[in-house]
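A closer look at the structure
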Amino acid sequence: MEEITPTTLPRQWILQDNEKPWTVNAERTWHYHKRAKHVRDCRERFAWLALEAKIGRVDRIKVAAVPLAKDRRGIQDVAACLPAVKAAVDGLVDAGVLVDDDPEHLLSLTFYGTQVTGTGGLRLVVTEVL
């Protein structure tokens, strides 16, 4: 049996943004300039969060996305924040964490239901795949 040491365990980072993620339904009503601004801003925020966490280059990862809500009113459907999560993952590429977010490098993307935390936002749990 292989001995488990800290060097054989996958590394994990939690990146949390306090901007409420937009939904698929909202995005469908926006002008493309508004959408582009939201995507750009989200990418930049998550790129900075990745740099601040000092993740560095990782060959392969899996990502868990958790939308956060102030209270129980207006809780999103599980994957409603897909456009915001896609922009956030693109921010990881922008920060140099991944070469690309293709299936070779991003092995899975899992959505979890909204957690009521007293503050809105989006949490990504990034786990290295060894």
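Residues numbered from 1 in each chain as written. Predicted model: local features only at pLDDT ≥ 70, side-chain atom pairs only at ≥ 80, totals over all residues. Heavy atoms only, no water.

Tracing the backbone through its elements, the reader meets Thr114 in the loop between β3 (106-111) and β4 (115-116). Under the relative-accessibility criterion, Thr114 is labelled buried at 17%. When residues no more than four places from it in sequence are discounted, the contact partners of Thr114 are Pro67, Leu68, Ala69, Ile75 and Gln76. (Helix = DSSP H or I, 4+ residues; strand = E, 2+ residues; numbered from the N terminus. Buried < 20%, exposed > 50% of the residue type's maximum accessible area, 1.4 Å probe, protein only. Contact = heavy atoms within 4.5 Å.)

We now examine the side chain of Thr23. As for its position among the elements, Thr23 is in the loop between β1 (12-17) and α1 (24-29). Of note is the side chain of Thr23, whose polar atom sits 3.1 Å from the backbone nitrogen of Ala26. Among all residues touching Thr23, those that are not within four sequence positions of it are Gln76, Ala80, Cys81 and Pro83. (Polar contact = N/O pair within 3.5 Å; in protein donor to acceptor, adjacent residues only side chain to side chain.)

Attention shifts here to the nonpolar core. Of all hydrophobic cores here, the largest spans 29 residues; its most connected members are Leu15, Phe46, Ile61, Leu92, Val97, Leu124 and Val126. Every element with two or more residues in this core is listed here: β1, α2 (32-52), β2 (61-69), α3 (82-94) and β5 (121-128). Those residues in contact with Leu124 that sit more than four places away from it in its chain are Trp13, Ile14, Leu15, Phe46, Val63, Ala64, Ala65, Val85 and Ala88. (Core = buried A, V, L, I, M, F, W, Y, C linked by side-chain atoms within 4.5 Å.)

Take the environment of Gln76 next. Locating Gln76 in the fold gives a position in the loop between β2 and α3. Once the C-alpha coordinates of Gln76 and Ala95 are considered, the two residues, 19 residues apart in sequence, prove to be 28 Å apart. Once residues within four sequence positions are removed from consideration, Gln76 is found in contact with Lys20, Pro21, Thr23, Pro67, Cys81 and Thr114. Within the local environment of Gln76, its side chain forms a polar contact with the backbone oxygen of Pro21, the two atoms lying 3.1 Å apart.

Further remarks concern the pairing of β1. Here β1 shows a buried face lined by Trp13, Leu15 and Asp17 and an unburied face lined by Gln12, Ile14 and Gln16. Two strands pair when backbone bridges link them, and β1 and β5 are joined in this way by six bridges, in the antiparallel orientation. Residue pairing in the sheet places Asp17 in a bridge with Leu122 of β5. (Pairing = 2+ DSSP bridges.)

Honestly, that's just the spatial picture; any functional story needs more than this.
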